[in-house]
Amino acid sequence: NEENKGNVSKSELNLTSDTELAAEVQFQLNRLPLCEMHEALDMLPNLDIVFPCIASADSPIPWNPFKDFDKKNKQWNGNLDTRLNLKQKEAIVAITTDIKRHLPPTLIVGPYGTGKTFTLAHAAKCLLEDQSTRVLICTHSNSAADLYVKDYLDPFVKEGHPDVKPLRVYYRHRWVQTVNPTVLEYCLVSYEGAVGSMFRKPTKEDIESHRVIVCTLSTSRYLFSLGLDEGFFTHILLDEAAQAQECETVMPLVLAGQQTRVVLAGDHMQLGPEIHSDFARERNMHISFLERLYDHYPTNHSCKILLCENYRSHVAIINYTSELFYNKKLVASGKLPRHDIVYPLSFFTARGE
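All values derive from a computational prediction rather than experimental measurement.

Calculation notes
Residues numbered from 1 in each chain as written. Predicted model: local features only at pLDDT ≥ 70, side-chain atom pairs only at ≥ 80, totals over all residues. Heavy atoms only, no water. Helix = DSSP H or I, 4+ residues; strand = E, 2+ residues; numbered from the N terminus. Buried < 20%, exposed > 50% of the residue type's maximum accessible area, 1.4 Å probe, protein only. Areas by Shrake-Rupley, 256 points an atom, 1.4 Å probe, with all protein chains shown as cover. Pairing = 2+ DSSP bridges. Axes fitted to C-alpha atoms, helices over the stretch in contact; angles between N-to-C directions. Left-handed = near helix turned anticlockwise from the far one by under 90°. Contact = heavy atoms within 4.5 Å. Nonpolar A, V, L, I, M, F, W, Y, C, P; charged D, E, K, R; others polar. Parallel < 35°, antiparallel > 145°, perpendicular 65-115°, else oblique. Phe/Tyr/Trp six-rings, centres within 6.5 Å; stacked < 30°, edge-to-face > 60°. Lys NZ or Arg CZ within 6 Å of the ring centre and 35° of its normal.

K.L.:
What am I meant to see in the overall build of the chain here?
P.N.:
Assigned secondary structure in the chain consists of eleven helices and eleven strands. A buried classification covers 46% of the 353 residues belonging to the chain. About 20300 Å² of surface is accessible on the chain, with carbon and sulfur atoms providing 51% of the total.

Encoded structure:
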C-alpha cells in the first residue's frame with residue numbers, strides 16, 4: 001500500500017524465522033543537515049560576525065571587573081551569586097555591556113570545571129532584568145540546553161520572575177517521554193490523538209511572547225523562516241561552541257543584527273568538532289569557530305576572557321593538565337579531598353580489543 005511504498009515485505013524476500021542468510025546492507029548519507037548549514041551561510045546578513053575586524057573594534061574595553069560588577073549588582077538588587085570569582089564577574093560585565101557599543105564576539109574560554117555554563121546562565125539572568133532584552137541561548141547538545149532550563153531558568157522563574165519564562169524549542173520528532181518533566185513545562189507540545197504527543201515548531205507569536213529562547217544549534221533553524229525583525233534578539237549566547245563545526249555555530253547567527261551581542265563559550269583544548277573527512281581536515285574545517293576567533297584575537301584582547309579557577313578536580317589533576325595544556329594558568333579552587341588509597345592522577349592499562 002501507499003504507506004509502505006519502498007519497503008519490501010518478508011514474504012517477497014522468502015524469509016523464514018530463525019534462519020541465517022547473507023545480506024548486503026547499504027547506508028545512505030542524510031544530506032539534510034549539510035543543506036541546512038549551507039542555507040544558514042547563504043542567509044548570514046553580513047560577514048562581520050564571522051570575520052570580525054579587530055582593528056576597528058573598540059578595544060581595549062574600559063571596564064573594571066571590581067567597580068562595574070558592584071555597580072551592576074546594585075542595579076540588579078544584589079541578586080548575583082556570591083560564589084562568582086573575579087574572572088566570572090569580568091565575563092558577566094563584558095556580556096552585559098551596552099549593546100550600542102560595537103564589539104566583536106565575546107569569547108568565554110575555560111577548561112573543564114571552571115563554570116562556563118554557570119557564568120553564562122548568570123549573565124542571562126542579569127540581561128533579563130532589563131525589560132528590553134531578548135536572549136537566545138544555543139548549545140551543541142540537548143542535555144546542555146536542558147541544563148539551562150532545569151538548573152537556572154526554572155528556579156529564576158519560580159523565585160518571582162514569571163515574565164522571563166523560557167521557551168525550550170525541541171526537534172519536533174524527539175520522543176516527548178524522554179524529556180525531563182521540569183523542562184517539559186517550557187516546551188511546545190501538541191497532541192496527535194492515538195499517535196500521542198509530539199513537539200511542534202514554534203510560530204512567530206510563540207517566539208515574540210517569550211524573552212528567552214533555549215535550543216540547540218541545529219534547531220535554531222526553526223526560527224529562520226518566521227520573519228523575525230533583524231536584531232530581534234539583543235543577545236545570542238552559544239555554549240559548547242568549541243565542540244561544534246563552524247557551519248553549525250553559524251546557524252543561530254543568521255538571527256543576529258548589527259547590535260546583537262554574540263557570546264561564545266567553550267574549551268578548544270577538549271574534544272573539537274567531529275570531522276571524518278581528510279579533505280575537510282586538510283582545509284582546517286576541524287577547527288571550531290571559537291578556536292579560530294581565539295587564535296585571531298590578540299593575546300590580551302578584552303573580548304577574550306579565560307576562566308581559570310577549576311572547582312571540579314583535585315589539585316594533582318589540575319597541576320598536570322594546567323602545565324600540559326593551559327600554559328600553567330589553571331588553578332585548583334575546589335579544595336577537593338584525595339582518594340584514601342589511589343593517587344588522584346593515576347594511569348591504568350586496559351588490556352583488550
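Here the narrative resumes.
K.L.:
So what exactly am I meant to see when it comes to the pairing of strand 6 (residues 212-216) here?
P.N.:
Burial runs high along strand 6: five of the five residues are buried. Here strand 2 (residues 135-139) runs beside strand 6; their pairing, made up of five bridges, is parallel. Within strand 6, the residue paired with Leu-136 across the bridge is Ile-213. Bridge count for strand 3 (residues 167-168) against strand 6 is two bridges, and the pairing is parallel. What sits directly across from Leu-167, in strand 6, is Ile-213.

K.L.:
Mind showing me how you'd approach the environment of Lys-335 here?
P.N.:
Tracing the sequence through the fold places Lys-335 in the segment after strand 11 (331-332). On the accessibility criterion, Lys-335 (78% relative accessible area) is exposed. Distance in space between the C-alpha atoms of Lys-335 and Ser-313 is 8.4 Å, their sequence separation being 22 residues.

K.L.:
Would you mind showing me how to read the packing of helix 4 (residues 116-128) against helix 5 (residues 142-158) here?
P.N.:
Pairs of packed helices are described in terms of their axes, by the angle between the two and the distance that separates them. Look at helix 4 against helix 5: their axes get within 11 Å of each other, and the N-to-C directions meet at 35 degrees. The chirality of how helix 4 crosses helix 5 is right-handed. Counted together, Thr-117, Phe-118, Leu-120, Ala-121, His-122, Lys-125 and Leu-128 of helix 4 and Leu-147, Tyr-148, Tyr-152, Leu-153 and Phe-156 of helix 5 form the full contact between these two elements. Classifying every residue of the contact of helix 4 with helix 5 gives nine nonpolar, two polar and one charged.

K.L.:
Is there a simple way to think about the packing of helix 3 (residues 86-95) against helix 4 in this case?
P.N.:
Between helix 3 and helix 4, whose axes approach to 9 Å, the crossing angle comes to 40 degrees. Between helix 3 and helix 4, the angle is such that the two are oblique. Handedness of the helix 3/helix 4 crossing: right-handed. Where helix 3 approaches helix 4, its residues Gln-88, Ala-91, Ile-92 and Ile-95 are matched on the opposing element by Phe-118, Thr-119, Leu-120, His-122, Ala-123, Cys-126 and Leu-127. Among the residues making up the contact of helix 3 with helix 4, the classes are represented as eight nonpolar, three polar and no charged.

K.L.:
I'm lost on the packing of aromatic side chains in this one. Help?
P.N.:
A ring pair, where both rings are aromatic, is described by two values, the distance of the centres and the angle of the planes. Counted according to the given criterion, the structure contains five aromatic pairs. Ring geometry for Tyr-148 against Tyr-152: centres 6.4 Å apart, planes inclined by 50 degrees, an arrangement best described as tilted. Of this pair, Tyr-148 and Tyr-152 are both found in helix 5, four residues apart, which corresponds to roughly one turn of the helix. Tyr-152 matches Tyr-148 in its accessibility class, with the two residues each being buried. Relative to Phe-199, the ring of Tyr-170 has its centre 4.7 Å away and its plane inclined at 25 degrees; by these criteria the two rings are stacked. With Tyr-170 in the loop between strand 3 and helix 6 (181-184) and Phe-199 in strand 5 (residues 197-199), this pair connects stretches of sequence that are 29 residues apart. Summarising the burial analysis for this pair, Tyr-170 and Phe-199 share the class buried. One residue, Lys-304, lies across the ring of Tyr-294, its end atom 4.3 Å from the ring centre.

K.L.:
What's the story with the sheet that holds strand 2 in this structure? I'm lost.
P.N.:
Overall, parallel pairing links the seven strands, which are arranged 3-6-2-7-8-1-9 in an open sheet. Two strands in the sheet have a free side with no partner beyond their single neighbour: strand 3 and strand 9 (304-306). Two strands pair when backbone bridges link them, and strand 7 (residues 235-238) and strand 8 (residues 261-266) are joined in this way by four bridges, in the parallel orientation. Residue Ile-236 lies in a different strand from strand 8, and its bridge partner there is Val-262.

K.L.:
Got a minute to help me understand helix 3 in this structure?
P.N.:
Since the α-helix advances by 3.6 residues per turn, residues separated by three or four positions end up pointing in the same direction. By the criterion of burial, helix 3 is predominantly enclosed, with seven of the ten residues buried. Along helix 3, the residues that are buried comprise Gln-88, Glu-90, Ala-91, Ile-92, Val-93, Ala-94 and Ile-95.

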